[in-house]
Amino acid sequence: MKKVIIAVVALFFVATFSSNAQDTMEKAAKTISLEQTPGEFTQKSLTVPAGTYVFEVANKDVGHDVGFVLVKKGEDISKAENHIKTAYVTKVVATGAVGTSQPTVLEKGEYVYFCPMNPTATDNTLTVE
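Heads up: these notes are all about the structure in this document. Keep in mind it's a predicted model, so treat the numbers as computed, not measured.

## Notes on the pairing of strand β1 (residues 30-37)
Relative to strand β4 (residues 51-59), β1 is paired through seven bridges, and the arrangement is parallel. Looking at β4, one finds that Glu-35 is bridged to Ala-58. Bridge count between β1 and strand β2 (residues 40-41): two bridges; the pairing is antiparallel. Each bridged residue has a counterpart across the sheet, and for Thr-37 the counterpart in β2 is Glu-40. A loop of two residues connects β1 with β2, the two strands running antiparallel in sequence, and Gly-39 in this loop sits at a positive phi of about 80°.

Pasting the structure below:
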């Protein structure tokens, strides 16, 4: 019985710590706002400092749901294993709505972003300094 109580207490502390770490990460994250119109992002290139970001994607009259994909430049964008999964919007973004991603750590380098649902160009660039 003593082992069960210790295990439950340990599980509680692990869950609390994980939740607090996620809350801290979300509070520390900056927002990158992007807007999609039919067939394109209105922002073709962005430069930001390294850090943690949440992507906010607005669907401006595309006429159907949109999404968001971020890939390190030079990687094959057609392979899902190269996508930065935390940068995906948490659910598809309906016309007139705004969706957000999970906090995503961006390290120095170049990235490309696109929406396969819109579809947009695959050469929109995000430079992280």
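## Quick look at the environment of Lys-85
Checked against the element boundaries, Lys-85 lands in the loop between β5 (69-72) and β6 (98-100). Note: C-alpha distance between Lys-85 and Val-71 (14 residues apart in sequence) is 9.2 Å. One polar contact links the side chain of Lys-85 to the main-chain carbonyl oxygen of Ala-80, over a distance of 2.3 Å.

## Section: the packing of aromatic side chains
The final tally for this structure, using the stated rule, is four aromatic pairs. Taking 6.1 Å as the distance between ring centres and 80° as the angle between the ring planes, the aromatic pair formed by Phe-41 and Phe-68 counts as edge-to-face. Of this pair, Phe-41 sits in strand β2 while Phe-68 is found in the loop between β4 and β5, placing the two residues 27 residues apart along the sequence. The class of Phe-41 is buried, set by a relative accessible area of 0%. With a centroid separation of 5.0 Å and an interplanar angle of 85°, the aromatic rings of Phe-41 and Tyr-113 are classed as edge-to-face. One end of the pair, Phe-41, is in strand β2; the other, Tyr-113, is in strand β8 (residues 109-114), and 72 residues separate them in sequence.

Criteria and thresholds
Residues numbered from 1 in each chain as written. Predicted model: local features only at pLDDT ≥ 70, side-chain atom pairs only at ≥ 80, totals over all residues. Heavy atoms only, no water. Pairing = 2+ DSSP bridges. Helix = DSSP H or I, 4+ residues; strand = E, 2+ residues; numbered from the N terminus. Polar contact = N/O pair within 3.5 Å; in protein donor to acceptor, adjacent residues only side chain to side chain. Phe/Tyr/Trp six-rings, centres within 6.5 Å; stacked < 30°, edge-to-face > 60°. Buried < 20%, exposed > 50% of the residue type's maximum accessible area, 1.4 Å probe, protein only.

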